[in-house]
Amino acid sequence: MKNVDVEVYLNQLIGFFEKNPNDLTDLIGDLKKDTFYEKVREQAYSNYEKDSEPSLTQQQLIDIVVSMFDDKVTKKSLVKITYAVQKTKFGFIWLN
């Protein structure tokens, strides 16, 4: 269920980043902005349920970006690992 306070906060935040795209790039780099906005939405609703205040703290924004970056690095690492390992009937062979 949507909350008016949360939606107003999100519209203001998204509006700010749409008017200042360099600030968004400084914050999230080459990560996907839609994913960032969705995670911010989830956190804003969580904050509202706890404290009746949807705004995110600086630390919460940082945590969202770090988790997104960790997900991206993990996916890239797994792709690299699958190419570096070959399964044979004798077991795994690490290709260096």
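Because the structure is predicted, anything quoted here is derived from the model rather than measured. (Residues numbered from 1 in each chain as written. Predicted model: local features only at pLDDT ≥ 70, side-chain atom pairs only at ≥ 80, totals over all residues. Heavy atoms only, no water.)

Visitor: Would you explain helix α1 (residues 4-19) in this entry?
Guide: Given 3.6 residues to a turn, an α-helix orients residues that are three or four positions apart in the same direction. Look at α1: 22 Å from first C-alpha to last across 16 residues, which is about the 22 Å you get at 1.5 Å a residue. Here α1 has its buried residues at Val6, Glu7, Tyr9, Leu10, Leu13 and Phe17. Projection of α1 onto a plane perpendicular to its axis shows the buried side chains occupying an angular sector of 160°, all on one side. Facing away from the buried side of α1 by more than 90 degrees, the exposed set consists of Val4, Asn11, Gln12 and Lys19. Elements in contact with the buried residues of α1: α2 (21-28) and α3 (33-51). (Helix = DSSP H or I, 4+ residues; strand = E, 2+ residues; numbered from the N terminus. Expected span 1.5 Å × (residues − 1). Buried < 20%, exposed > 50% of the residue type's maximum accessible area, 1.4 Å probe, protein only. Arc of directions from axis to C-beta. Contact = heavy atoms within 4.5 Å.)

Visitor: What is the right way to read the packing of α1 against α3 from this model?
Guide: Think of two packed helices as two axes; the pair is described by the angle between the axes and how far apart they sit. Closest axis-to-axis distance for the α1/α3 pair is 10 Å, and the angle between their directions is 150°. On the basis of their axis angle, the class for α1 and α3 is roughly antiparallel. The interaxial crossing formed by α1 with α3 has right-handed handedness. Residues Asp5, Val6, Glu7, Tyr9, Leu10, Leu13, Ile14, Phe17 and Glu18 of α1 form the contact with α3, whose own contacting residues are Lys33, Phe36, Tyr37, Val40, Arg41, Ala44, Tyr45 and Tyr48. Taken together, the residues of the contact of α1 with α3 break down into 12 nonpolar, no polar and five charged. (Axes fitted to C-alpha atoms, helices over the stretch in contact; angles between N-to-C directions. Parallel < 35°, antiparallel > 145°, perpendicular 65-115°, else oblique. Left-handed = near helix turned anticlockwise from the far one by under 90°. Nonpolar A, V, L, I, M, F, W, Y, C, P; charged D, E, K, R; others polar.)

Visitor: Please explain the side chain of asparagine 3 as it appears in this structure.
Guide: Tracing the sequence through the fold places asparagine 3 in the segment before α1. The exposure class of asparagine 3 is buried, given its relative accessible area of 19%. Residues in contact with asparagine 3, not counting those within four places in the same chain, are Tyr45 and Tyr48.

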